[in-house]
Amino acid sequence: MKPETRNARPSWDQYFMDIVELVSRRSTCLRRKVGAILVRDKRILATGYNGPPAGIAHCSETGCLRDKLKVPSGERHELCRGLHAEQNAIIQAALYGVSTKGSTLYCTTHPCIICAKMIINSGIESFVYRESYRDTLAVEMLREAGIEGRSL
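Bear in mind that the values here come from a model prediction, so they are computed numbers and not experimental data.

Caption draft 1: Here's a closer look at the overall build of the protein chain. A count of helices and strands for the protein chain gives 7 helices and 5 strands. Ordered by position from the N terminus, the helices and strands of the protein chain form the series α-α-β-β-α-α-α-β-α-β-α-β. A compact globule built from 152 residues would reach a C-alpha radius of gyration of about 15 Å, and the protein chain, at 16 Å, matches this within 12%. Principal-axis analysis of the C-alpha atoms places the extent of the protein chain at approximately 55 × 40 × 30 Å.

Caption draft 2: Summary view of the packing of helix α5 (residues 85–95) against helix α6 (residues 113–121). Packing of α5 against α6 brings their axes to within 9 Å, and their N-to-C directions diverge by 30 degrees. What the angle tells us is that α5 and α6 run roughly parallel. When you trace α5 past α6, the crossing you get is left-handed. Of the residues in α6, those in contact with E86, Q87 and I90 of α5 are I114, C115, M118 and I119. A class-by-class count of the residues in the contact of α5 with α6 yields 5 nonpolar, 1 polar and 1 charged.

Caption draft 3: Representation of the layout of surface pockets. The computed volume of the largest pocket comes to approximately 420 Å³. Along its surface, the largest pocket is lined by 26 residues, and C29, R32, N50, H84 and Y133 are the ones closest to its centre. Partitioning the lining of the largest pocket into residue classes produces 12 nonpolar, 9 polar and 5 charged. Considered as a void within the structure, the second largest pocket measures approximately 250 Å³ in volume. Residue lining of the second largest pocket: 15 residues in total, with Y49, P52, P53, A54 and N88 positioned closest to the centre. Secondary-structure elements contributing two or more residues to the lining of the second largest pocket are β2 (43–49) and α5.

What counts and what doesn't
- Residues numbered from 1 in each chain as written.
- Predicted model: local features only at pLDDT ≥ 70, side-chain atom pairs only at ≥ 80, totals over all residues.
- Heavy atoms only, no water.
- Helix = DSSP H or I, 4+ residues; strand = E, 2+ residues; numbered from the N terminus.
- Rg over C-alpha atoms; globule rule 2.2 N^0.38 Å.
- Axes fitted to C-alpha atoms, helices over the stretch in contact; angles between N-to-C directions.
- Parallel < 35°, antiparallel > 145°, perpendicular 65-115°, else oblique.
- Left-handed = near helix turned anticlockwise from the far one by under 90°.
- Contact = heavy atoms within 4.5 Å.
- Nonpolar A, V, L, I, M, F, W, Y, C, P; charged D, E, K, R; others polar.
- 1 Å grid on protein atoms, 1.4 Å probe; cavity = no way out; pocket = protein on both sides within 12 Å on 5 of 7 lines; lining within 4 Å.
- Points joined across faces, edges and corners; volume = space filled by probe spheres on them.

Rendered as structure tokens:
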């Protein structure tokens, strides 16, 4: 093995996306495992994964409400026991008094419209994601707010 291959380091984007994948493994959602982290100055500010609020039974115990109601992916986000990973990362930052202003959100999936609105109002400047998510309003509002998103 060549020395430059053996010592190859991931880019910062790849490093943070690898961490996001690990965070997503904590998710208790039965439909989709999503992870998110907030980063500023190459430092992790907060992490989040999708699942119900602290102290509330997990969907693995109660079953998926969205499945029971036959709610398609990308619709009626309020009909769910869980919070999205992006929401949990923003909430964790607030809970511990960490400003999200000027940060970058790394997430396994493109934010939905509810998360997009939270991203806009929390001062997050950009986001990096791995998987697309069909939510054209989220894309439009993030673009209108001048928040740069890119797929990795």
